[in-house]
Amino acid sequence: MSENQHEEIYAVDKLFCTICQHDLNHPLYLIRSHPILSVPLCIICHEDILKSELFDEDADVSDFCTWCGDGGDLLLCSDEENCNRAFCRDCLTSNLG
């Protein structure tokens, strides 16, 4: 795949980082995939999420938003037997309405 073809794949109107909402069409923000959710992230948020306590072996993942890695007022998944994920209201609102 040529470099032009590769760039055209990501030239989508209104493609934003699902954490910080930066425009991913801007060349400064390289597109990465969220390590758990497979949603688009800018490289800055991708690096931040990998450094977050969400990936700490000793951490309880239900204490951190699966999307952004922050703690706080979280909503837990209703399928507690199969899912221990939690999400903050900000991530849910900005991405799902």
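Up top is the structure.
Rules behind the numbers
- Residues numbered from 1 in each chain as written.
- Predicted model: local features only at pLDDT ≥ 70, side-chain atom pairs only at ≥ 80, totals over all residues.
- Heavy atoms only, no water.
- Helix = DSSP H or I, 4+ residues; strand = E, 2+ residues; numbered from the N terminus.
- Buried < 20%, exposed > 50% of the residue type's maximum accessible area, 1.4 Å probe, protein only.
- Contact = heavy atoms within 4.5 Å.
- Areas by Shrake-Rupley, 256 points an atom, 1.4 Å probe, with all protein chains shown as cover.
- Phe/Tyr/Trp six-rings, centres within 6.5 Å; stacked < 30°, edge-to-face > 60°.
- Salt bridge = Lys/Arg side-chain N within 4 Å of Asp/Glu carboxyl O.
- Core = buried A, V, L, I, M, F, W, Y, C linked by side-chain atoms within 4.5 Å.
- Polar contact = N/O pair within 3.5 Å; in protein donor to acceptor, adjacent residues only side chain to side chain.

Okay, the overall build of the protein chain next. Within the protein chain one finds three helices and four strands. The order of α-helices and β-strands along the protein chain, N terminus first, is α-β-β-α-β-β-α. Evaluated residue by residue, the protein chain yields a buried proportion of 28% over its 97 residues. Taking as baseline every contact in the protein chain between residues at least 6 positions apart, the subset at least 24 positions apart corresponds to 21%. Accessible surface computed for the protein chain: about 6700 Å², of which carbon and sulfur atoms make up 48%.

This part takes up the packing of aromatic side chains. Throughout the structure, instances matching the rule amount to one aromatic pair. A centroid spacing of 6.3 Å and a plane angle of 75° characterise the contact between tryptophan 67 and phenylalanine 87, whose relative ring orientation is edge-to-face. Residue tryptophan 67 is located in the loop between helix 2 (43-51) and strand 3 (74-76), and its partner phenylalanine 87 is located in strand 4 (residues 86-88); the two are separated by 20 residues in the primary sequence. Judged by relative accessible area, which is 17%, phenylalanine 87 ranks as buried.

Within the structure shown, the criterion is met by one salt bridge. The salt bridge partner of aspartate 73 is arginine 89, with a shortest N-O separation of 3.3 Å. Here aspartate 73, found in the loop between helix 2 and strand 3, pairs with arginine 89, found in helix 3 (residues 89-96); they are 16 residues apart in sequence, far enough to count as distant. On the basis of relative accessibility, which here comes to 46%, the residue arginine 89 falls in the partly exposed class.

It is worth spelling out the nonpolar core at this point. In terms of nonpolar packing, the biggest core is built from ten residues, these being Leu15, Cys17, Leu24, Tyr29, Leu41, Cys42, Cys45, Ile49, Leu54 and Phe64. Taken together, the elements giving at least two residues each to this core come down to strand 2 (40-42) and helix 2. Listed in part, the nine residues of the second largest apolar core include Trp67, Cys68, Ala86 and Phe87.

Its place among the elements puts threonine 18 in the loop between helix 1 (3-9) and strand 1 (31-33). Take threonine 18: its relative accessible area is 10%, and that puts it in the buried class. Only 2.9 Å separates the side chain of threonine 18 from the side chain of tryptophan 67, close enough to count as a polar contact. When sequence neighbours within four positions are dropped, the list of residues in contact with threonine 18 reads Val39, Pro40, Leu41, Trp67 and Asn95.

Let us now look at the environment of cysteine 17. Secondary-structure assignment places cysteine 17 in the loop between helix 1 and strand 1. Classification of cysteine 17 by relative accessible area gives buried; the value is 0%. In sequence terms cysteine 17 and valine 39 are 22 residues apart; their C-alpha atoms lie 8.4 Å from each other. In this view, cysteine 17 contacts His22, Leu24, Pro40, Leu41, Cys42 and Cys45; residues no more than four positions away in its chain are not counted.

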